[in-house]
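Results of the structural survey
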Amino acid sequence: MVRTILLILFIIVCIALSAIILMQEGKSAGLGAISGAAETYWGKNKGRSMEGTLEKITKILAVVFFILAALLNTKLF
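Our subject in this report is the structure included herewith. Predicted model only: the values in this text are computed from it and were never measured.

What counts and how
- Residues numbered from 1 in each chain as written.
- Predicted model: local features only at pLDDT ≥ 70, side-chain atom pairs only at ≥ 80, totals over all residues.
- Heavy atoms only, no water.
- Helix = DSSP H or I, 4+ residues; strand = E, 2+ residues; numbered from the N terminus.
- Contact = heavy atoms within 4.5 Å.
- Phe/Tyr/Trp six-rings, centres within 6.5 Å; stacked < 30°, edge-to-face > 60°.
- Expected span 1.5 Å × (residues − 1).
- Buried < 20%, exposed > 50% of the residue type's maximum accessible area, 1.4 Å probe, protein only.
- Core = buried A, V, L, I, M, F, W, Y, C linked by side-chain atoms within 4.5 Å.
- Arc of directions from axis to C-beta.

On to the environment of leucine 68. With respect to the helices and strands, the residue leucine 68 is situated in helix 3 (residues 50–73). Here the alpha-carbon distance between leucine 68 and phenylalanine 10, two residues 58 residues apart in the chain, equals 6.2 Å. Residues within four places of leucine 68 in sequence aside, it is in contact with Leu6, Leu9, Phe10 and Val13.

Here it is as structure tokens:
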């Protein structure tokens, strides 16, 4: 019973992690970073922007993914 719940949660986290990663912008999105355009308003306040939020969610989901993967791999359940 617990294993089934963990497996369903694991599948949901996998789908969410894939979607969040695909929503993110590439690091080489433009040549603006070369000329110093990264110091604009959005560069300084990246944590408050949509891209910063997506990065935070990605980190959280990645940690949950690894914890669930380790739990599902054990013979406890």
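We now examine the packing of aromatic side chains. Using the criterion set out here, one finds two aromatic pairs in the structure. On the numbers, 5.1 Å between centres and 20° between planes, the contact of phenylalanine 10 with phenylalanine 65 is stacked. Of this pair, phenylalanine 10 sits in helix 1 (residues 2–23) while phenylalanine 65 sits in helix 3, and the two are 55 residues apart along the sequence. Their ring planes at 80° and their centres at 5.4 Å tell us that phenylalanine 65 and phenylalanine 66 sit as a pair that is edge-to-face.

With that settled, consider helix 3. Taking 1.5 Å of rise per residue, the 24 residues of helix 3 would be expected to cover 34 Å, and the 34 Å separating its terminal C-alpha atoms lies within 8% of that figure. The complete set of buried residues in helix 3 reads Glu51, Gly52, Leu54, Thr58, Leu61, Leu68 and Leu72. Those residues of helix 3 that are buried lie in contact with helix 1.

Leu6, Phe10, Val13, Leu17, Ile20, Leu54, Leu61, Leu68 and Leu72 together form the largest nonpolar core, which totals nine residues. Examining the composition of this core, we find that five residues originate from one element, helix 1, more than from any other. Those residues within four positions of valine 13 in sequence are excluded, and the remaining contacts are Leu61, Val64, Phe65 and Leu68.

Our focus in this paragraph is helix 1. Compared with an ideal rise of 1.5 Å per residue, which puts 22 residues at 32 Å, helix 1 spans 32 Å between its outermost C-alpha atoms and is within 8% of the ideal. Taken together, the buried positions of helix 1 are Leu6, Phe10, Val13, Leu17 and Ile20. The buried residues of helix 1 occupy an angular sector of 100° when projected down its axis, which confines them to one face. Exposed residues pointing more than 90 degrees away from the buried face of helix 1 are listed as Ile15 and Leu22. The secondary structure elements touched by the buried residues of helix 1 are helix 3.

These values are about where atoms sit, not about what they do.
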